[in-house]
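The primary structure of each chain is shown beneath.
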Amino acid sequence: MTEVRPPKITPRAPEDRPGRAAGTDEDLRRHIPLTHARLPRWAPALVAVLAGAASGLLALSLGWGLVAWAVVGIVLFAVALPAWSRVVENSRAAKDRLVTVLVWAAFGLALVPLVSLVWQVVSQGLPAINAEFLTYSMRNVVGEGGGIYHAIMGTLLITLMAAVISVPVGLLTAIYLVEYGQRSTMARTITFLVDVMTGIPSIVAGLFAYALFVLFFGEGVRMGLGGAVALSLLMIPVVVRSCEEMFKLVPHELREAAYALGVPKWRTIVKIVLPTAMAGIITGVTLAVARVIGETAPLLIIAGFTDSLNFNLFAERMTTLPVFIYYSYTQPGVPPEYGIERAWGAALVLIVIVMALNLLARVLGKVFAPKSGR
């Protein structure tokens, strides 16, 4: 019997192997560049200066305004910097710089109306702010003098009552949707109705509140409680949606661990779900308050307007800051400059109140946020 031996395999040289260049792996690594040229750090600043100068020369020669000068300068910068980057670096770096320029340009464009609004309100309203303006009402005031104390109190009382009405309703609705309803028909119906309520015009909420209170108090009813009911209709959808999303972010493992220990569902919600989502709930309630604190149309219909101070939500008219601003600007009186000045001052106070509420929400969110330990 003849023994069959396997064929002898002779290893090929690196240059004979298909699909592989000649040389060892070390030679290949030595010839592959791991870095490429980069623009200096001062390149964007240099391009910005040159683009601004070129745009300025065009603006001066053609008589353009400041807006046209800024637009042309941004366009030149967005073209020149990526082009330079493509020559020195590569196409990928050039695309990255182009997208970066576009993002910063969009950010600056978004800041323009915000900065303009803040500057206008502060410059026009700050001269009106003084002790008398913040502590006096407009009762028996004609022309110069008076203040917005009655409007501040009306805004705070009506908004507080609206929060008292809407927060429990919105919070309990969100608990039902996440913890009990889940994918039931009732939960889907409630979610649909909440989405519809989110988009209703504010004046419709005012008309509903007026029609509701007419049934009990007759025609021509005006009271702060009606304004609170109208605002609560606008707050409830925001509270429901924000709290619902916060409850969904609570890990299911926490609920399962509580159920495994024999904790009832209601106690799990109270002791685990609510404390974990408390920071988000506070933020959602603050957003809802900021959504309604500047509403004018529903309060014009049901809360009315008065120059006197009124602390009673259940009787007589009650003025809020948005309504005061509206009447002061549309009916400034004689001479009109004092009424317009009070309107700007009230607008500044309203912005400060909204900003204070947002800061308070951030502080409370950090205080009530679940503590993470190691």
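Quantities reported herein were computed from a predicted structural model and do not represent experimental measurements.

A. Quick look at helix H4 (residues 91–125). Here H4 is 35 residues long and its end C-alpha atoms lie 51 Å apart, about the 51 Å a rise of 1.5 Å per residue gives. In the structure, H4 departs most strongly from a straight axis at leucine 111, where the bend amounts to approximately 25° and where the proline proline 113 lies between one and four residues downstream. For H4, the set of buried residues is Ala93, Ala94, Arg97, Val101, Val121 and Gly125. Backbone nitrogen of arginine 92 and a side-chain oxygen of the N-cap are separated by 3.2 Å at the start of H4; the cap is asparagine 90.

B. Fine view of the environment of glycine 154. The topology assignment puts glycine 154 in helix H6 (residues 149–181). Residue classification places glycine 154 among the buried positions, given a relative accessible area of 0%. Counting along the chain gives 149 residues from glycine 154 to alanine 303, while the straight-line C-alpha distance between them is 9.6 Å.

C. Fine view of the side chain of serine 202. As for its placement among the helices and strands, serine 202 is situated in helix H8 (residues 202–217). Overall, serine 202 belongs to the buried group, its relative accessible area being 17%. With residues near it in sequence (within four places) discarded, serine 202 still touches Leu234, Glu295, Ala297 and Pro298.

D. Representation of a negative patch on the surface within the structure. A contiguous patch of negative charge, built from Glu132, Glu144, Glu337 and Glu341, is present on the exposed surface. With respect to the helices and strands, the residue glutamate 337 is situated in helix H14 (residues 336–368). Owing to a relative accessible area of 46%, glutamate 337 belongs among the partly exposed residues under this scheme.

E. Representation of the UniProt feature "transmembrane region" (unreviewed entry) in the protein chain within the structure. Under the UniProt annotation, the feature "transmembrane region" (unreviewed entry) is placed at residues 39–60, 66–85, 97–119, 148–178, 190–217, 223–240, 272–293 and 343–364. Within the segment residues 148–178, helix and strand shares are 97% and 0% respectively, and the terminal C-alpha atoms sit 43 Å apart.

F. Expanded view of the packing of aromatic side chains. On inspection of all chains with the given rule, the structure shows 4 aromatic pairs. Aromatic pair tyrosine 326 and tyrosine 327: ring centres 5.4 Å apart, planes at 80°, arrangement edge-to-face. Residue classification places tyrosine 326 among the partly exposed positions, given a relative accessible area of 39%. Given a relative accessible area of 24%, tyrosine 327 falls into the partly exposed group. Here the aromatic cluster, defined as three or more aromatic residues joined through ring pairs, consists of Phe305, Tyr326 and Tyr327.

G. Region of the structure containing the packing of helix H9 (residues 224–249) against helix H11 (residues 265–292). Look at H9 against H11: their axes get within 8 Å of each other, and the N-to-C directions meet at 150°. Compared by their axis directions, H9 and H11 come out roughly antiparallel. At the point where H9 passes H11, the crossing takes the right-handed sense. Together, Leu231, Leu234, Met235, Val238, Val239, Ser242, Cys243, Met246 and Phe247 of H9 and Val273, Leu274, Ala277, Gly280, Ile281, Gly284, Leu287, Ala288, Val289, Arg291 and Val292 of H11 make up the contact between the two elements. Of the residues belonging to the contact of H9 with H11, the class tally is 16 nonpolar, 3 polar and 1 charged.

H. A look at the nonpolar core. Counting residues in hydrophobic clusters, the biggest one holds 30 residues, and the most contacted among them are Ile158, Met235, Phe247 and Ile281. The element best represented in this core is H11, accounting for 9 residues. When sequence neighbours within four positions are dropped, the list of residues in contact with isoleucine 281 reads Leu171, Cys243, Met246, Phe247 and Leu274. With 18 residues, the next largest nonpolar core counts Ala151, Phe324, Ala347 and Leu348 among its residues.

I. Layout of a nonpolar patch on the surface. Taken together, the side chains of Trp104, Phe107, Leu111, Leu114, Val115, Val118, Val122 and Leu126 present a nonpolar region at the surface, about 750 Å² in accessible area. Looking at the secondary structure, you find leucine 114 in helix H4. Relative accessible area serves as the criterion here: at 45%, leucine 114 is assigned to the partly exposed category.

J. Region of interest: the environment of proline 201. Within the secondary structure layout, proline 201 lies in the loop between helix H7 (185–198) and H8. Assessed through its relative accessible area of 47%, proline 201 is described here as partly exposed. The spacing of proline 201 and proline 298 is 97 residues in sequence and 9.5 Å in space, taken between C-alpha atoms.

K. Broad picture of the pattern of salt bridges. Throughout the structure, instances matching the rule amount to 7 salt bridges. Of the charged contacts in the structure, one is a salt bridge between arginine 241 and aspartate 195, with a shortest N-O distance of 3.7 Å. Residue arginine 241 is located in helix H9, and its partner aspartate 195 is located in helix H7; the two are separated by 46 residues in the primary sequence. For lysine 248, the salt bridge is made with glutamate 244, and the minimal N-O distance between the two is 3.5 Å. Taken together, the residues span about one helical turn, with lysine 248 and glutamate 244 both in helix H9 at a distance of 4 residues. A relative accessible area of 5% places glutamate 244 in the buried class. One salt-bridge network, in which partners are shared between bridges, spans Asp195, Arg241, Glu244 and Lys248.

Definitions and limits used
Within any chain, residue numbers begin from 1 and follow the written order of that chain's sequence. The model is predicted, so local features are restricted to residues of pLDDT at least 70 and side-chain atom pairs to those at 80 or more, both for listing and for counting; the totals for chains, interfaces and linings are taken over all residues. Water and hydrogen atoms play no part in the side-chain values, which are based on all heavy atoms of the structure. The secondary structure listing takes helices from DSSP runs of H or I that are at least 4 residues long and strands from runs of E that are at least 2 residues long, numbered from the N terminus. For a helix, the expected span equals 1.5 Å multiplied by the residue count minus one. Fitting axes to the seven residues that end at a residue and to the seven that start at it, the angle between those axes gives the bend at that residue. Type-normalised accessible area, obtained with a 1.4 Å probe on protein chains alone, sets the label of each residue: buried when under 20%, exposed when over 50%, and partly exposed for intermediate values. Polar contacts, as used here, are pairs of N or O atoms within 3.5 Å; protein pairs need one atom able to donate a hydrogen and one able to accept it. Residues neighboring in sequence count only if both atoms are side-chain atoms. When checking whether two residues touch, look at their non-hydrogen atoms; a contact exists if any pair is within 4.5 Å. Two joining distances apply to patches: 9 Å for like charges and 5 Å for nonpolar side chains (Val, Leu, Ile, Met, Phe, Trp, Tyr), and every residue must have over 30% relative accessible area and no salt bridge. Per-residue and other accessible areas were derived by the Shrake-Rupley procedure at a 1.4 Å probe size, with only the shown protein chains allowed to occlude residues. One speaks of a salt bridge when a side-chain nitrogen belonging to Lys or Arg is within 4 Å of a carboxyl oxygen belonging to Asp or Glu. Charged residues are defined narrowly, with Lys and Arg counted positive, Asp and Glu counted negative, and His plus the chain ends left uncounted. In this description, the location of a charge corresponds to atom NZ of lysine, CZ of arginine, CG of aspartate or CD of glutamate. UniProt positions are given in the numbering used here, feature names are shortened, and annotations may be inferred rather than shown by experiment. Working definition: rings of Phe, Tyr and Trp (its six-membered ring) pair if their centres are within 6.5 Å, and the pair is stacked with planes under 30 degrees apart, edge-to-face with planes over 60 apart, and tilted otherwise. Axes here mean lines fitted to C-alpha atoms, for a helix over just the part in contact, with angles spanning 0 to 180 degrees between N-to-C directions. Angular relationships are summarised with four words: roughly parallel below 35 degrees, roughly antiparallel beyond 145, roughly perpendicular across 65 to 115, and oblique for the angles in between. Take the far helix as the reference: if the near one is turned anticlockwise from it by less than a right angle, the crossing is left-handed, and if turned clockwise, right-handed. Residues are grouped as follows: Ala, Val, Leu, Ile, Met, Phe, Trp, Tyr, Cys and Pro are nonpolar; Asp, Glu, Lys and Arg are charged; all remaining types, including Gly, are polar. Definition used in this section: a nonpolar core is a set of buried Ala, Val, Leu, Ile, Met, Phe, Trp, Tyr and Cys residues joined via side-chain atoms within 4.5 Å.

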